[in-house]
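For reference, the chains in residue letters:
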Amino acid sequence: QKLYLMNKFAKTAVAICTSIAITQFLAWIGSTTYSYKALRNTALIAIIFQWIVFFHASGIIFGNERTEKYYDLTGASTYISLVFTTVHWRGGFDSM
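So, here's what we can say about the structure. All values derive from a computational prediction rather than experimental measurement.

Here Thr78 is to be found in helix α3 (residues 71–89). When its relative accessible area of 8% is taken as the criterion, Thr78 is described as buried. In this structure the side chain of Thr78 is engaged in a polar contact, spanning 2.6 Å, whose partner is the backbone oxygen of Thr74. When neighbours within four sequence positions are excluded, Thr78 is seen to be in contact with Ala46, Phe49 and Gln50.

A cluster of nonpolar side chains, contributed by Ile22, Phe25, Leu26, Trp28 and Ile29, occupies part of the molecular surface with about 570 Å² of accessible area. By the element assignment, Phe25 lies in helix α1 (residues 2–29).

Let us now look at the packing of aromatic side chains. In this description, an aromatic ring pair is defined by two values, namely the gap between the centres and the angle between the planes. In the structure shown here, the tally under the stated rule is two aromatic pairs. Arranged with centres 6.2 Å apart and planes meeting at 40°, the rings of Phe25 and Trp28 form a pair that is tilted. Of this pair, Phe25 and Trp28 both sit in helix α1, three residues apart, roughly one helical turn. Relative accessible area serves as the criterion here: at 55%, Trp28 is assigned to the exposed category. Arranged with centres 5.3 Å apart and planes meeting at 90°, the rings of Trp51 and Phe54 form a pair that is edge-to-face. Here the residue Trp51 and the residue Phe54 both occupy positions in helix α2 (residues 36–58), the gap between them amounting to three residues, near one helical turn. Looking at Trp51, the relative accessible area reads 18%, which means it is buried. By relative accessible area, which is 30% here, Phe54 ends up partly exposed.

Glancing now at the side chain of Ser19. Within the secondary structure layout, Ser19 lies in helix α1. Under the relative-accessibility criterion, Ser19 is labelled buried at 17%. When sequence neighbours within four positions are dropped, the list of residues in contact with Ser19 reads Ile47 and Trp51.

Quick look at α3 now. Given a rise of 1.5 Å per residue, 19 residues ought to cover 27 Å, and the 26 Å separating the end C-alpha atoms of α3 matches this to within 8%. Within the sequence span of α3, burial applies to Thr74, Thr78, Leu82 and Val87. Contact partners of the buried residues in α3: α2. One or two residues past the end of α3 sits Gly91, with phi positive at roughly 110°.

Here is what the cut-offs are and how they apply
- In this numbering scheme, every chain counts its residues from 1 along its sequence in written order.
- Under the rules for a predicted model, residues below a pLDDT of 70 receive no local features and side-chain atom pairs below 80 are neither given nor counted, while totals for whole chains, interfaces and linings still include all residues.
- Excluded from the side-chain calculation are hydrogens and water; included are all heavy atoms of the structure.
- Where helices and strands are cited, they refer to DSSP runs of H or I of at least four residues and of E of at least two residues respectively, numbered from the N terminus.
- When a residue's accessible area, from a 1.4 Å probe over protein chains only, is under 20% of the maximum for its type it is buried; when over 50% it is exposed; and in between it is partly exposed.
- N or O atoms within 3.5 Å of each other form a polar contact, as long as, within protein, one can give a hydrogen and the other can take it, and as long as residues adjacent in sequence are counted only when both atoms are side-chain atoms.
- Contact definition: two residues touch when any of their heavy atoms are within 4.5 Å.
- Any residue with relative accessible area above 30% and no salt bridge may belong to a patch, with like charges joined within 9 Å and the nonpolar Val, Leu, Ile, Met, Phe, Trp and Tyr side chains within 5 Å.
- Only the protein chains shown count as covering a residue, and every accessible area follows the Shrake-Rupley method with a 1.4 Å probe.
- A carboxyl oxygen of Asp or Glu within 4 Å of a side-chain nitrogen of Lys or Arg is what we treat as a salt bridge.
- Stacked, tilted and edge-to-face are the three classes applied to pairs of Phe, Tyr and Trp rings, where Trp contributes its six-membered ring and a pair requires centres within 6.5 Å; stacked means planes under 30 degrees apart, edge-to-face means over 60, and tilted covers the rest.
- Multiplying one less than the number of residues by 1.5 Å gives the expected span of a helix.

This is the structure we're talking about:
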């Protein structure tokens, strides 16, 4: 039982590190020097938010029942909040 839980946490840690590495690499490839910081931070916020929701929904950390109730809501709220955050970082709607 203990070995199974450690193996599960190890797989989760590898998945988190891999997803962060992939998003940071894509942010680096798809940006110029000026926009890399905004893309990097946006990708990190999205990944962290989605992993927190995954941990809650899967019951890994909080010990609750597995649920898929909030995935659509969190996906939409992540998208909307990142759009407004990125616009704010780039100087607001007036600079567009």
